Amino acid sequence: MAKKKTDEKPYKLGTRVKPWGEGNKTKTITFIVTEDCNFRCTYCYLVGKNSANKMSFDIAQKSVDYILDHPEHFSESQVIWEFIGGEPFLEIELIDRISDYIKIESYKKRSDWFENHMFNFSSNGSLYSEAPVQAYIEKNKEHLSIGISIDGNKAKHDQSRIYADGNGTYDDVVKNLPLWQKQFPTQGTKATFGREDLKYLKDSVLHLWELGIKQVAANVLFEDVWEIGDDKLLEEQLKQLADEVIEQKLWKEYNCTFFSETIGQPLRKDQLTTNWCGAGKMLAVGTDGTFYPCVRFAPYSSSSGKARPVGNIYDGIDSDRLRPFLSLTYFAQSSKECIECEVASGCAWCQGFNLDAAATDTVFRRATFICKMHKARCRANEYYWKKLKAVEKIERQALSPEGGKR
Amino acid sequence: MITLNIVLSSESVSFCNYQRKQTGEKQLMAFDDLKSGIQYAYKHNLDLNFIYDRVELPQEYTQLIEKTIHTKIIPSKYLPADEKAIMVFEQPEEVFDDDIPTVKTAILKYSTENMNALSKAAIKLLEHAERINIIKIPDGFDETALEQYRKQLEKIAGAVTEIYDKTRFGISKEINVLTDRLFLSKMNNCNAGLDHIALAPDGKYYPCPAFYFDEAIRENYVLDEHKQLPNQYLLEFAHAYICSECDCFHCQRCVYQNVKGTLELNTPTRIQCLISHTESEVSRKFRNRLLRKKIRIGDKIPKNEYPDPLDKILYANPFFTKKQKEAV
């Protein structure tokens, strides 16, 4: 039986969100425009936030020139120009100048990217309605994607997403929601869960859906924060959420990445030579023009001090420094236990955090602090899919390890 | 593990893919460290190699060493001459000095600067050694130098062809980068840290002497009490994805050069791959040349379409577009 396409599936919950562009044909280039942020989220991996390091237009210009003048490193037919911080909208004027420069130079150099580009933002949402941000949105709306991070209900959000003075930010962010949803109706949000707010998980996801945000990209922290019993709490919360989803038939329209139709299976042989993370296939540009395989390898996001530059705007990309990332595979960095795990699929990692957490200076060591949490998620998924089948007669459309229908 | 290399001093001859970068005074290995190294080797049934510098050792060192079964790795013109020793010529020019003794194995090092003298030096050295290991000094060798290197290897191949043609039934000359590949059906690499380790003049153990001689990175590569690195698994072939796609079985897979170039023990630089591929290609043509003279040695080496195995990996990746493959 042929595999159904996503839009033909009888459910939304648990399906993979198709990103803009065609996956492998799309290059993501991230400008770290500032290392400053007006929030102090408790779980933020940007341990070196500061107000001193900002990208100058000169650096940005040289970066764009290098990128457009070296198609041998950038042969993808589409590009996502991403602006990140800290909080990127703190530097909206710089971003506006950079974006204009990108468009003009892409046109002048007859780059495919003139038509096939997207400007992308992950914002905390607090500055979204400011006039300069709105002016930028209006100017670039045909090629623009903006995500806002709302962690869940007010209690959950204000516990972790706070100002420097410790006050919660929920009210300031949610007041911008109607405008954001009007301008980006299909956009989703990102929610991160740590130990202290697991108890809010079910209510938070339901709350986000009630706010009209139908796509929730949710994850638990990769860091070594989990303690005995946390996995049980996660599993319980997800099962309760599953009950609500089935009770209210929310699976038709709403999605949350805690649920997946492909999670919890052994790895196929062909998967062993792929990598979970795209580090190395994207490019991040630091405030000083240094290149990184991903923003997570820049100094301001490293708690261990193990940054990994792969070149700079003056000397170009160092292809040899990039080689380890292009040859990173499941097999090369995973323990035997992980490779042979019966529920390995869907177990995630961050390549940058792997370097941070490794005992030595290598990217070839996968951090597995979320092991129990992943297994809890698998058990909750198993519960959900079985119940969906029992109640609604809907089968999970996932592939078995042999490649056929499950 | 098979061998323990004991580096007797900080001025010991550099016999492999590294150069001495020592600052300060010469450091002779402490006698107690030498003794404990030898004891370790005997306890674990390891072969012993001693790496010498040009200065005669103190008598007690010599007396102790001569009580062991070992191989000496010595600089050229080291006295007393020893036929069984491995003699190191740190520059091609050293081969043209007078009074080169006959040895079983010689190591001939070259750099980008003196590469034009490589073939002459190797051909001359073949008169004095049964086997030559040609080793490149890591000094910024790039793809421009690669073509020059290939030409030097082809000249050497020509000379060795003549030798084989003359001797026919008494073939005994070997050159690592030319003849080894003919007799290999799987990877046969240096395996530093796995098959051999080094005891350095500071009394610490390293995967190989190169890590000791590189002061900038030395402290990160000291072996622990089990004589292993914290990330020991990265030394193993199974964890070297790029290498696993390659058939340059003679390649050293030098982990020191890997670290210097890519920051990872298991990942070679592109130029390392291109050099090994060039050597493999010259070996393949060398064998064909011998076949034309009705001399059959070793096994056929398939023509390799991917000089850099990473290209093969990326090309085979179904997630890469045609344009990306063309860019590769």
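Residues numbered from 1 in each chain as written. Chains lettered and ligands numbered in written order. Predicted model: local features only at pLDDT ≥ 70, side-chain atom pairs only at ≥ 80, totals over all residues. Heavy atoms only, no water.

Right, let's get into the overall build of chain B. Counting its secondary structure elements, chain B contains 11 helices and 9 strands. For 328 residues, the compact-globule estimate of 2.2 N^0.38 gives 20 Å, and chain B sits close to it at 20 Å. Across its three principal directions, the C-alpha atoms of chain B cover 65 × 50 × 35 Å. For chain B, the proportion of its 328 residues judged to be buried stands at 57%. Summing over all exposed atoms, chain B offers an accessible surface of approximately 15,300 Å²; the carbon and sulfur share of this is 49%. For chain B, the separation between the mean place of its 44 positive charges and that of its 47 negative charges on side chains is 8 Å. (Helix = DSSP H or I, 4+ residues; strand = E, 2+ residues; numbered from the N terminus. Rg over C-alpha atoms; globule rule 2.2 N^0.38 Å. Buried < 20%, exposed > 50% of the residue type's maximum accessible area, 1.4 Å probe, protein only. Areas by Shrake-Rupley, 256 points an atom, 1.4 Å probe, with all protein chains shown as cover. Lys, Arg positive; Asp, Glu negative; His and termini not counted. Charge placed at Lys NZ, Arg CZ, Asp CG, Glu CD.)

Bringing the packing of aromatic side chains into the picture now. Applying the stated rule across the entire model yields 33 aromatic pairs over all chains. Centroid distance Phe 31 of chain A to Phe 83 of chain A: 5.6 Å. Interplanar angle 15 degrees. Geometry classified as stacked. Pair noted here: Phe 31 of chain A is in strand S1 (residues 26-32) and Phe 83 of chain A is in strand S2 (residues 78-84), with a separation of 52 residues, a long-range link. As far as the burial class goes, Phe 31 of chain A and Phe 83 of chain A line up, both buried. The side chain of Lys 156 of chain A reaches across the aromatic face of Phe 193 of chain A, ending 4.7 Å from its centre. The ring of Tyr 18 of chain B carries the charged tip of Lys 109 of chain B above its face, separated from the ring centre by 5.5 Å. (Phe/Tyr/Trp six-rings, centres within 6.5 Å; stacked < 30°, edge-to-face > 60°. Lys NZ or Arg CZ within 6 Å of the ring centre and 35° of its normal.)

Moving on, we get to the packing of helix H1 (residues 31-43) of chain B against helix H2 (residues 59-66) of chain B. Residues and elements named next belong to chain B. Between H1 and H2, the least distance of the axes is 11 Å, while the angle of their chain directions is 5 degrees. Considering the angle they form, H1 stands roughly parallel to H2. Where H1 approaches H2, its residues Phe 31, Leu 34, Lys 35 and Ile 38 are matched on the opposing element by Glu 60, Tyr 61, Leu 64 and Ile 65. Of the residues contributing to the contact of H1 with H2, the split by class is 6 nonpolar, no polar and 2 charged. (Axes fitted to C-alpha atoms, helices over the stretch in contact; angles between N-to-C directions. Parallel < 35°, antiparallel > 145°, perpendicular 65-115°, else oblique. Contact = heavy atoms within 4.5 Å. Nonpolar A, V, L, I, M, F, W, Y, C, P; charged D, E, K, R; others polar.)

Attention shifts here to the side chain of Ser 160 of chain A. Residues and elements named next belong to chain A. When you line up the elements, Ser 160 lands in helix H4 (residues 154-160). Residue classification places Ser 160 among the buried residues on the basis of a relative accessible area of 1%. Side chain to side chain, Ser 160 and Asp 197 meet in a polar contact 3.1 Å long. Not counting chain neighbours up to four residues away, the residues in contact with Ser 160 comprise Arg 40, Cys 41, Thr 42, Tyr 43, Asp 151 and Asp 197. (Polar contact = N/O pair within 3.5 Å; in protein donor to acceptor, adjacent residues only side chain to side chain.)

Phe 83 and Trp 209 of chain A are the most contacted members of the largest nonpolar core, which has 204 residues in total. The element best represented in this core is helix H4 (residues 143-167) of chain B, accounting for 8 residues. Discounting residues that sit within four places of it in the chain, Phe 83 of chain A has contacts with Phe 31, Val 33, Pro 88, Ile 95, Ile 98, Ser 99, Ile 102, Phe 119, Asn 120, Phe 121, Ser 122 and Tyr 136 of chain A. (Core = buried A, V, L, I, M, F, W, Y, C linked by side-chain atoms within 4.5 Å.)

What follows covers unusual backbone geometry. All names here are of chain A. Cis geometry marks the peptide bond from Gly 85 to Gly 86, where omega comes out at 10 degrees. Position of Gly 86 relative to the elements: it lies in the loop between S2 and helix H2 (92-108). Within the chain, Arg 110 stands out as a residue other than glycine whose phi angle is a positive 55 degrees. Structurally, Arg 110 is set in the loop between H2 and strand S3 (117-123).

This brings us to the interface of chain B and chain A. Contact with chain B, which involves 27 residues of that partner, is made by 25 residues of chain A. Buried area between chain B and chain A, both sides added, is near 2,400 Å², and the carbon and sulfur share of it is 55%. Contact with chain A buries surface across chain B, with Tyr 241, Leu 263 and Glu 264 of chain B losing the most and accounting together for 24% of the total. Between the two partners, chain B and chain A, sit 2 salt bridges. Residue Asp 308 of chain B is joined to Arg 323 of chain A by a salt bridge in which the shortest nitrogen-to-oxygen separation is 2.6 Å. Counting across the interface, chain B meets chain A through 9 residue pairs in polar contact (both at pLDDT 80 or more). If one sorts the elements of the side of chain B that touches chain A by residue count, helix H11 (residues 322-327) of chain B sits on top with 3 residues. Its residues assigned to classes, the side of chain B that touches chain A shows 14 nonpolar, 9 polar and 4 charged. (Buried area = accessible area lost by both parts, 1.4 Å probe. Salt bridge = Lys/Arg side-chain N within 4 Å of Asp/Glu carboxyl O.)

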